[in-house]
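What follows is the residue order along each chain.
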Amino acid sequence: TIYPKTTNITYTTHQIDDPANIRDSLPTSTPIKAPTDIPTFSCASDERNFTFSITTDYYSNETEFFLYDDSFMIGSWDFASSERFEEYIFDYCLPIGRNYTLELTDTFGDGICCDAGYGTYYFAADDTVLFDSNANETFYFNITFIFTIDEKDATLLETQADWDYMY
């Protein structure tokens, strides 16, 4: 299989409500959370839908993500020209029976939550949410998730955040 399979990769975006007016007054203690409904996406019978949703913080230009399987990069996104406090949803059809790695990075080292607004992210395979940051601080410079997708479910195998090495 050659990636990206452009017919099966989409991203959508919409502006998140800003009830606390975070764009104009940082920092704040009022979190902005991503929707809890996971978008639906149609994949082949030997694939599972993988959804990655991220809401950027005030410094969206510092954020990137990378998605790999055992052999090569499947997808990535550099938020350098993205809007602040914007939600981005990426859908991929991932073949079953493989391990995958999702890596998030922040070039400044303040993560995507909480000093510069409440950025948040989650990822799921079909109906199984593998991780949801719930607008909590989860990393400084980078965090890596290793997960597997099989015929029946998806499993988060390992999480490594850069602060695991700092304390």
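Residues numbered from 1 in each chain as written. Predicted model: local features only at pLDDT ≥ 70, side-chain atom pairs only at ≥ 80, totals over all residues. Heavy atoms only, no water.

Enquirer: How do you make sense of the overall build of the chain when you look at a structure like this?
Expert: Within the chain, the secondary structure is distributed over zero helices and ten strands. Moving toward the C terminus, one meets the helices and strands of the chain in the order β-β-β-β-β-β-β-β-β-β. Considering only intrachain contacts with a sequence separation of at least 6, the fraction spanning at least 24 residues in the chain is 69%. Summed over its atoms, the accessible surface of the chain is roughly 8400 Å², and 48% of this surface lies on carbon and sulfur atoms. (Helix = DSSP H or I, 4+ residues; strand = E, 2+ residues; numbered from the N terminus. Contact = heavy atoms within 4.5 Å. Areas by Shrake-Rupley, 256 points an atom, 1.4 Å probe, with all protein chains shown as cover.)

Enquirer: Explain the packing of aromatic side chains here, please?
Expert: Where two aromatic rings form a pair, the distance of their centres and the angle of their planes describe that pair. Here the structure, examined in full by the defined rule, presents 21 aromatic pairs. Each ring, one from F66 and one from Y68, has its centre 6.4 Å from the other, and the planes form 20 degrees; the classification is stacked. Judged by relative accessible area, which is 25%, Y68 ranks as partly exposed. What links up through ring pairs into an aromatic cluster is the set F50, Y100, Y121, F123, F131, F139, F145 and F147. Directly above the ring of Y58 sits R84, whose terminal nitrogen or CZ lies 3.8 Å from the centroid. (Phe/Tyr/Trp six-rings, centres within 6.5 Å; stacked < 30°, edge-to-face > 60°. Buried < 20%, exposed > 50% of the residue type's maximum accessible area, 1.4 Å probe, protein only. Lys NZ or Arg CZ within 6 Å of the ring centre and 35° of its normal.)

Enquirer: Help me understand the pairing of strand β6 (residues 98-106), please; the structure alone is not making it clear to me.
Expert: Along any regular strand the residues' side chains alternate between the sheet's two faces. Judged from the seven bridges that link them, strand β3 (residues 63-69) and β6 form a sheet pairing that is antiparallel. Directly across from F66, in β6, lies its bridge partner E103. (Pairing = 2+ DSSP bridges.)

Enquirer: Would you mind going over the sheet that holds β3 with me for this structure?
Expert: Across a sheet, paired strands are connected by hydrogen bonds in the backbone, their directions being either parallel or antiparallel. Read across the open sheet, the five strands follow the order β4-β3-β6-β9-β10; overall the sheet is antiparallel. Two strands in the sheet have a free side with no partner beyond their single neighbour: β4 (73-78) and β10 (154-161). Averaged over all pairs of adjacent strands, the angle between their axes in this sheet comes to 15 degrees, without regard to strand direction. With five bridges joining them, β3 and β4 adopt antiparallel strand pairing. Across the sheet, E64 pairs through a bridge with D78, a residue of β4. (Axes fitted to C-alpha atoms, helices over the stretch in contact; angles between N-to-C directions.)

Enquirer: When you look at the environment of L130 in this model, what are you seeing that I'm missing?
Expert: Summarising the element assignment, L130 is placed in strand β8 (residues 128-132). Accessibility expressed as a relative area gives 11% for L130, which makes it buried. Separated by 26 residues in sequence, L130 and L156 place their C-alpha atoms 5.9 Å apart. The contacts of L130, once residues within four sequence positions are left out, are F123, A124, A125, F147, A154, T155 and L156.

Enquirer: For this particular structure, what's the right way to read the confidence of the model for the chain?
Expert: Of the residues in the chain, 72% have a pLDDT of 70 or more, and the chain-wide mean is 77. Throughout residues 1-10 the model reports pLDDT below 50, and contacts reaching past four residues in sequence, or to other chains, amount to 24 contacts. Segment residues 14-36 is flagged for pLDDT under 50; beyond a separation of four residues in sequence, or across chains, it makes 51 contacts in the model. (pLDDT = per-residue confidence, 0-100.)

Enquirer: Help me out: how do you make sense of the state of the cysteines in this one?
Expert: Note on terminology: a disulfide is the covalent bond linking the sulfur atoms of two cysteines. Enumeration according to the criterion identifies one disulfide in this entry. What pairs with C43 in a disulfide is C93, and their sulfur atoms sit 2.2 Å apart. Judged by the torsion about the S-S bond (-90 degrees), the C43/C93 disulfide is left-handed. A residue pair is termed long-range when its members are at least 10 positions apart, and C43 in the loop between β1 (10-15) and β2 (47-55) and C93 in strand β5 (residues 86-95) qualify at 50 residues. Its relative accessible area of 23% is what places C43 among the partly exposed residues. (Disulfide = S-S within 2.5 Å.)

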